[in-house]
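# Summary of structural features
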Amino acid sequence: MTEEIMKALDGEVFAVWFLIGAALVFWMQAGFAMVEAGFARAKNAGNILMKNLMDFCIGCVVFIAIGFSFLLGEDLMGFIGKPGFDIFTSYQSFDWSNFIFNLVFCATTATIVSGAMAERTKFLSYCVYSGVISALIYPIEAHWIWGGGWLSQMGFHDFAGSCAIHMVGGIAAIVGAKMVGPRIGKFEKDAKGKITKVNAFPGHNIVIGALGVFILWLGWYGFNGAACTSTDQLASVFVTTTIAPSIATVVCMIFTWIKYGKPDVSMCLNASLAGLVAITAPCDVTDAFGAIVIGAVAGLLVCFGVWLLDYKFHIDDPVGAVAVHMMNGIWGTIATGLFATTSAPGNDSLVGLFYGGGFELLGIQIIGFASVAAWTTITMIIVFSIIKAIFGLRVSEEEEIEGLDSTEHGLSSAYAGFSIVDMSVAGMVENENTSLGESDYDKASEAKKNAAVPVVNTAAAVSGTSLDTGMYKVVIITKLSRYDRIKRSLNALGITGITVTQVTGCGIQKGAGQMYRGVEMDLTLLPKIKLEVVVSKIPVDSVIETAKKTLYTGKIGDGKIFVYPVSRVVKIRTGEEDFAALQDVE
C-alpha cells in the first residue's frame, strides 16, 4: 500500500513539474525578445518585442484551431494527426497539460525567425508567417516525431526538440533571411556587383542581450527536463543541459580570443545558446563525456556558421539565429546517434555509434534530420513566396533607415525616457502642402531646387577679400534615408573625410502624429542626419551642386546646406596646416 501511495504521489509530482516546465518554456519568450532586441539597433527594438509577443499570441490562436490536433490527434498514415475540436466539444476530458506544453514549444519554433529577419521585414508579413508555421508546418513535422508519426515508429529520437523545434526554426530563418535580403549597408559591392566587404552592425544593448541568454538558459531546464519521468532522469538531464553550453562558451571564448585577439562577448552569448540547442535532442540519453564533446563542437560550429553566412552565403542574420539553431539543431540530432548510452538513467535501448551501437541509430537520426529539413525548406519557400507576392516581405528603404519602431508601430523610440531630445513634446502647426510638383532635378527650375534644398552660403561675404582662405566648411542636414546616397555622391566627388551626426529637428516638414494608448501625440521633431566636410582643392560649388542633386525629391524639406569660411585648419597628428592638412580628406 505504501509503495502504491508513493508511486501515485510521484506521478502527481511529475505532472505538476510538467506544467512548471511549460511555464519555464513560456518564459523563454522573454529571453528571445531580450536577445533579439539587444543584438539589433535601438530604432527597431519595439518592433522586435512586438513580433515576439505576437509569435505566442497568434500561435495560441491557430494552435487552438488546428495546430494541436494536427500534432497530437489520431495518427493518419503516419503523416498527420486527425483534425478535431476536442478543446471545444470534450473540454472536461481534454488533455490540458499536453496542450499548453506543446503550445509553448510551438511558439519557440516560430520566434527563432524573428531575429534572422529583423530590422527590414514587414510586420504584417511576419504575422502571417507566424500563423502558418504554428498552424501547419511545425505541427505536422512534430507529429512525425512526437505524435506517433512515421519517424517515431522508426525509432527516431529527439527528446526535447533539436530537430523538431530548433532546426525547423533555423531553416525557416535562413529561407526568410535569404528571401527578404540583407539590411541596407550590410554588404558593399563593386561596380560588377561582387561583394567586396561585410559590415558589422553592433547590437545596441549587449546588456539585455546577455540577460536574454540567462533567461533562456534558465528556461532550458524546463525545455529539456519537463518530460522526464523520474528523479534520476531529471537530474541527469539537468547535468547534460549544464555541461554542454558551458563547454561551448569556453571553447568559443578561446577560439575568438586566438582568432580575433580578444574574447568576443556576443559570440560567446551565441555559443551558450548553441550548446543548449545541440544538447536538446540527446540530453536524456547521453552522459557527461558526450555532453562535453557535443558542447565543444557547438562552440566552434556557431563561429563557423556566423562566418559562413556573412562571407560565403552573404545572408544577413543580425542575431546569429541560423548558426545557433539550424546548424546546432542538425548537430544535436546527429549527435544522438553518436553519443547515446544506456548508462543514462531511463535509457535502456538507444546506443550510439561511439558506445558500441553501430550505425543503426545514427542512420535513423540522419533520415529524420533529412526528411524534416526537406519538409521545412520546401514549405517555407512556398510560404514566403506567397507572402512576398501578396503582401511583400520588405519595408521600403526609407522605412528601414528610419527604423521600424516609428514606421511600423508609431513608436517614437523604445527608449523615449532616455532621448537627448524628447521627441514626443513640442507642438507646431502644419504648413502648406510641401510638394513642389517636379521630382526630376534636371527638369526642376532653380526656384524649386532652392526651395527643396536651400543653401545658406555665409562664405560668399568674404569671397575675394583677405579673409578668403580658399577653405570652406559645408554642413548638410537631410533625412536619414538619404545618408547612403549623399555619402556615396560626396565620395565619388573626391571627398574621403566626413563627420556624421544623428540629430532631430523640425521645420516646414511636419512630423506624423503618433498614438500612445489611444491618445494622439503631436510628434514634430524628426530624425535627421548632419554631415560636415571641409574642402579646399575641390570647388565648393561642386559640393553644393552634388548635394542638391542627390537630395532633391521635389518636396520642401529634402535638406538644407550651410557653407562657412574656414580661417585655419591644423592636423594634430602631423602639425600640417590649412591646404596641406586637408589633402587626406579630399
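Treat the numbers as computed from the prediction; the structure is a model and nothing was measured.

Thresholds applied
- Residues numbered from 1 in each chain as written.
- Predicted model: local features only at pLDDT ≥ 70, side-chain atom pairs only at ≥ 80, totals over all residues.
- Heavy atoms only, no water.
- Helix = DSSP H or I, 4+ residues; strand = E, 2+ residues; numbered from the N terminus.
- Buried < 20%, exposed > 50% of the residue type's maximum accessible area, 1.4 Å probe, protein only.
- Contact = heavy atoms within 4.5 Å.
- Areas by Shrake-Rupley, 256 points an atom, 1.4 Å probe, with all protein chains shown as cover.
- Core = buried A, V, L, I, M, F, W, Y, C linked by side-chain atoms within 4.5 Å.
- Patch = residues over 30% accessible without salt bridge, like charges linked within 9 Å, V, L, I, M, F, W, Y side chains within 5 Å.
- Salt bridge = Lys/Arg side-chain N within 4 Å of Asp/Glu carboxyl O.
- Phe/Tyr/Trp six-rings, centres within 6.5 Å; stacked < 30°, edge-to-face > 60°.
- Lys NZ or Arg CZ within 6 Å of the ring centre and 35° of its normal.
- Polar contact = N/O pair within 3.5 Å; in protein donor to acceptor, adjacent residues only side chain to side chain.
- Expected span 1.5 Å × (residues − 1).
- Bend = angle between axes of the 7 residues up to and from the residue.
- pLDDT = per-residue confidence, 0-100.
- Pairing = 2+ DSSP bridges.
- Axes fitted to C-alpha atoms, helices over the stretch in contact; angles between N-to-C directions.
- Parallel < 35°, antiparallel > 145°, perpendicular 65-115°, else oblique.
- Left-handed = near helix turned anticlockwise from the far one by under 90°.

On to the overall build of the protein chain. Summing up its helical and strand segments, the protein chain has 19 helices and eleven strands in all. For the C-alpha atoms alone, the extent of the protein chain along its principal axes is close to 110 × 55 × 45 Å. For the protein chain, the proportion of its 586 residues judged to be buried stands at 51%. For the protein chain, restricting intrachain contacts to residue pairs at least 6 apart in sequence, the fraction spanning at least 24 positions comes to 77%. Accessible surface, the protein chain: about 25900 Å² in total, of which carbon and sulfur atoms supply 64%.

Let's shift gears to unusual backbone geometry. Residues other than glycine seldom take positive phi values, yet Glu119 does so here, at roughly 80 degrees. Turning to its location among the elements, Glu119 is positioned in the loop between helix H4 (96-116) and helix H5 (123-146). Overall, the relative accessible area of 0% leaves Glu119 in the buried class. The backbone of His314 shows a phi angle near 55 degrees, a positive value even though the residue is not glycine. Its relative accessible area of 28% is what places His314 among the partly exposed residues.

In this section: the nonpolar core. Counting 112 residues, the largest nonpolar core has Tyr129 and Trp331 as the members making the most contacts within it. With twelve residues, the top contributor of residues to this core is helix H7 (residues 162-180). If we skip the residues at most four places from it in the chain, Tyr129 touches Thr109, Ala110, Val113, Met380, Phe384 and Ile387. Core analysis: the next-biggest nonpolar cluster, separate from the first, contains 26 residues, Tyr472, Ile495, Ile544 and Ile561 among them.

Below, the discussion takes up a nonpolar patch on the surface. A cluster of nonpolar residues, Leu124, Ile378, Ile382, Ile386, Ile390 and Phe391, forms a patch on the protein surface that exposes about 580 Å² of accessible area. Examining the composition of the nonpolar patch, we find that four residues originate from one element, helix H13 (residues 360-390), more than from any other. Topologically, Ile390 is positioned in helix H13. For Ile390, a relative accessible area of 56% corresponds to the exposed category.

Attention now goes to the packing of aromatic side chains. Taken as a whole, this structure holds 24 aromatic pairs when the rule is applied. Considering the side-chain rings of Tyr221 and Phe238, the 4.7 Å spacing of their centres and the 35 degrees angle between planes classify their relative orientation as tilted. Pair noted here: Tyr221 is in helix H8 (residues 206-225) and Phe238 is in helix H9 (residues 231-260), with a separation of 17 residues, a long-range link. On the accessibility criterion, Phe238 (28% relative accessible area) is partly exposed. In this structure an aromatic cluster arises from ring pairing among Phe18, Phe101, Phe105, Trp146, Trp220 and Phe223. Residue placement shows Lys449 over the ring face of Tyr441; its charged tip is 4.2 Å from the ring centre.

Assignment of secondary structure puts Asn199 in the loop between strand E4 (195-198) and H8. For Asn199, the side chain forms a polar contact with the side chain of Glu188, separated by 3.1 Å. With residues up to four places along the chain from it excluded, the contact list for Asn199 reads Gly185, Lys186 and Glu188.

So, about helix H11 (residues 288-313). Here H11 spans 35 Å end to end across 26 residues, near enough to the 38 Å set by a 1.5 Å rise per residue. Bending of H11 peaks at approximately 25 degrees at the position of Trp307. Of the residues flanking the start of H11, the one acting as N-cap is Asp287, its side-chain oxygen 3.4 Å from the backbone nitrogen of Phe289. Directly after H11, the chain includes His314, whose backbone phi takes a positive value near 55 degrees.

Turning next to the confidence of the model for the protein chain. Across the protein chain, the average pLDDT comes to 89, with 91% of residues at or above 70. Note on residues 419-433: pLDDT under 50 across the span, and 25 contacts to partners over four residues away in sequence or across chains. Overall, residues 515-523 carries pLDDT values under 50, and its contacts beyond four positions in sequence, including any with other chains, amount to 22 contacts.

Moving on to the sheet that holds strand E10 (residues 526-535). Ordered by their spatial adjacency, five strands build an open sheet running E5-E11-E6-E10-E7, and the pairing between neighbours is mixed. Across the chains shown, the open sheet's two edge strands, defined by having one partner strand only, are strand E5 (455-457) and strand E7 (499-505). The mean angle between the axes of side-by-side strands here comes to 20 degrees, regardless of whether they run parallel or antiparallel. Summarising the sheet, strand E6 (residues 472-479) and strand E11 (residues 559-565) pair through seven bridges and their orientation is antiparallel.

Taken as a whole and judged by the stated rule, the model has 13 salt bridges. Linking Asp442 and Lys549 is a salt bridge whose minimum nitrogen-to-oxygen distance equals 3.8 Å. One end of the pair, Asp442, is in the loop between helix H15 (404-409) and helix H16 (446-452); the other, Lys549, is in helix H18 (residues 540-551), and 107 residues separate them in sequence. Accessibility expressed as a relative area gives 47% for Lys549, which makes it partly exposed. In this structure, Glu576 and Lys571 form a salt bridge, with 3.4 Å as the shortest nitrogen-oxygen distance. Relative accessible area serves as the criterion here: at 31%, Glu576 is assigned to the partly exposed category.

With that settled, consider the side chain of His157. Turning to its location among the elements, His157 is positioned in the loop between helix H6 (150-154) and H7. Residue classification places His157 among the buried positions, given a relative accessible area of 13%. Only 2.8 Å separates the side chain of His157 from the side chain of Asp284, close enough to count as a polar contact. Leave out the neighbours within four places in its chain, and His157 touches Ala281, Asp284, Val285, Thr336, Leu350 and Gln365.

Another aspect to go through is the packing of H4 against H7. Across the interface, H4 lies against H7 with an axial gap of 8 Å and an inter-helix angle of 30 degrees. Between H4 and H7, the angle falls in the class roughly parallel. Of the two possible hands of crossing, H4 and H7 adopt the one that is right-handed. For the pair H4 and H7, contact is made by Phe105, Thr108, Thr109, Ile112, Val113 and Ala116 and by Ala164, Ile165, His166, Val168, Gly169, Gly170, Ala172, Ala173 and Ala177, respectively.

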